[in-house]
Structure formats: C-alpha cells, structure tokens
Amino acid sequence: MDHFIGFDRLLRILLGREKDLQLFGPPGFLDQVEHKLRAYTWNLVHNYDSNFTLRVTELDGNEAGRCASFRCHNIFRREDEKTLVCPGNVLLSESAMQVRCAVLDHGGIPCMAYVLEEQSHVNVWKNRIQELGLPVGAWLRDLKQAVLCGEPDQRQIRVAWRTDGAEQERLVSLSELKSALRIVPGQKIAYVTDVACHDDNVARIVELVRGADLLYIESAFMERDAEHGRRKFHLTARQAGEIARAAHAGCVIPLHFSPRYQHEDRALLREEVAAAFGGKVL
C-alpha cells in the first residue's frame with residue numbers, strides 16, 4: 001500500500017488543471033493506475049475546461065515497456081496504448097539532465113530505483129556580468145539554456161531590462177557572455193528504497209548508482225536485526241553502506257528507517273551506514 005498511497009492526493013491536486021503528468025513504474029503499473037482511476041465515479045469531470053491527462057509508462061528494466069494515456073474528459077479510460085523501446089532505461093532526456101531507472105525486487109514486488117544526472121552546471125559570475133554593463137535578470141535562463149544545448153558562439157542572446165521605467169535591450173553574442181560563466185560537471189543523484197538484499201539486486205543497484213554524488217538509500221534495519229530485514233525484504237544499514245562503497249558514491253543519505261527504532265537508535269543506524277561506507281553520511 002505504501003508504494004502507491006500518494007497517488008490519490010496527487011490526482012486530486014491536479015484534477016481540473018491543464019496539465020500532462022507523466023508517471024513511470026515497474027511491470028503491472030498500467031493496470032494499477034487503471035484500477036485506481038476506475039474506483040471513482042467521474043460524473044462531473046466534463047465541467048472542467050481543462051483536459052488533465054495522465055501519461056503512464058511501465059518499464060521491464062530491460063529497455064522495453066508499454067505506455068497509455070488516461071484523459072479527464074474521457075473519464076480516465078485507458079487509451080493510446082502501445083509498446084516502446086527505452087534504450088539505456090532512460091525515462092527522460094533533456095538538455096539539462098536525464099533520468100534513468102532500474103527495476104529491483106522487493107520480495108516478489110517490482111520496485112524502481114532512479115538516478116538523475118545533470119549534464120552540466122552553469123554558474124554565473126554576477127560581477128563579470130556587471131563588468132559587461134549588463135544587469136542580472138530572467139534573461140540568464142536563456143543564456144544557461146543556450147549553453148546547455150550547445151548553441152554556437154555567434155548565437156545572440158537578448159538582454160532586456162528597465163531603467164527609470166524605460167525598456168532597455170541589447171543583443172550580446174554567446175561567446176562574449178561565456179566569459180561570465182563557469183561550467184562544471186553536473187551532479188548525479190540516486191534514489192533506492194524498498195529492495196531485498198540479494199546478489200541480483202545489489203548488482204543492479206551498483207551499476208545504476210555508480211559514482212553518484214548523492215545516494216539516497218534505504219537503511220531500514222540495524223545489522224543485529226538482519227534476519228528480520230531479510231524476512232521484510234529490506235536492507236540493513238550495513239548493507240546500504242556496503243552497496244554505497246561498492247558504487248563509489250560521494251555522499252550517502254540513509255532513509256526509510258523502520259519505526260521500531262526510536263530517535264536515538266536512528267543515530268546508530270547512520271553510524272552503521274558510515275562504518276560500512278567509509279565516507280560522508282548525512
């Protein structure tokens with residue numbers, strides 16, 4: 001139940017808005033979303049001007065899957081279903097980032113782990129912008145986007161601002177503006193939870209999260225309760241730390257602590273992660 005309980009709240013917030021929401025899940029996810037939607041009576045949705053749409057994709061973890069749409073004005077009937085190929089298990093690819101996944105086992109229940117990988121960070125030196133006689137402002141978003149998209153240096157960036165109520169504007173080449181930028185490698189952020197500790201899962205996790213700057217990973221039980229963790233199909237703090245070490249993660253953020261541990265025990269969970277990881281733990 002806890003894998004899906006947030007769906008209803010998200011649906012209620014977005015219902016009636018002109019939005020397309022993309023949802024991704026493991027095998028069986030399309031059926032689960034359809035059954036949730038069919039549990040409600042949609043007798044009033046035609047009163048909405050907007051046609052809120054859910055675009056749902058389920059992946060098998062082997063670069064293939066299925067997708068379908070559920071539209072508000074069609075009382076969320078399943079439609080436009082088709083199979084798809086997902087090279088590299090990439091769910092989303094944009095100029096600024098991409099999101100990849102792996103399908104893991106949670107005691108017979110498939111669960112998804114994710115990594116978000118930024119292409120680059122574009123940092124702006126405000127003092128250098130001012131030295132060019134330009135103000136900071138919303139135009140910097142266009143500048144960053146042009147850099148991330150690999151636009152040519154001769155591309156002209158429109159810089160607009162107001163002075164004493166009068167509109168000002170300049171066109172400045174990307175090559176000139178680059179002197180005010182610092183481009184650094186982007187971060188890799190990974191999220192792993194609800195997984196059993198067995199060889200196949202560990203191999204898939206390590207492959208997916210390798211080199212992550214930030215690794216959010218479940219550390220549900222202390223090592224003294226490893227047998228209970230095995231029965232519940234969750235990682236212990238020590239197992240989480242060992243996985244992080246094998247993946248050469250930069251920093252670990254333990255999460256999903258079992259409610260059996262009080263506040264003071266959660267500090268011990270973090271200590272167990274840190275001892276096994278040998279690196280920074282938040």
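Bear in mind the structure is a predicted one, so any value in this text is a computation, not a measurement.

**Describing the environment of Asn-62**
The residue Asn-62 is located in the loop between β2 (53-59) and β3 (64-71) in this model. Separated by 27 residues in the primary sequence, Asn-62 and Asn-89 have C-alpha atoms spaced 7.1 Å apart. Leave out the neighbours within four places in its chain, and Asn-62 touches Asn-89 and Arg-204.

**Let's talk about helix α2 (residues 29-38)**
Buried within α2 are the following residues: Phe-29, Leu-30, Val-33, Glu-34 and Leu-37. Angularly, the buried residues of α2 cover 135° about the axis, an arc narrow enough to put them on a single face. Pointing more than 90 degrees away from the buried face of α2 are the exposed residues His-35 and Arg-38. At its buried positions, α2 is contacted by α1 (7-14), β1 (20-25), β2, β3 and β4 (78-85).

**Here we look at the sheet that holds strand β15 (residues 280-281)**
Pairing within the open sheet is mixed, and its seven strands lie in the order β5-β6-β7-β12-β13-β14-β15. Each of the sheet's edge strands pairs with one partner strand only, and the pair in question is β5 (90-93) and β15. Where strand β7 (residues 110-118) and strand β12 (residues 188-192) come together, four bridges link them in antiparallel fashion. Paired with Leu-116 across the bridge in β12 is Ile-189. Most of the contacts of helix α6 (residues 199-209) go to strand β6 (residues 97-105), to which it runs at about 175°, and overall it touches β6, β7, β12 and β13 (214-218).

Reading guide: rules and limits
Residues numbered from 1 in each chain as written. Predicted model: local features only at pLDDT ≥ 70, side-chain atom pairs only at ≥ 80, totals over all residues. Heavy atoms only, no water. Helix = DSSP H or I, 4+ residues; strand = E, 2+ residues; numbered from the N terminus. Contact = heavy atoms within 4.5 Å. Buried < 20%, exposed > 50% of the residue type's maximum accessible area, 1.4 Å probe, protein only. Arc of directions from axis to C-beta. Pairing = 2+ DSSP bridges. Axes fitted to C-alpha atoms, helices over the stretch in contact; angles between N-to-C directions.

Coordinates in, geometry out; function isn't part of it.
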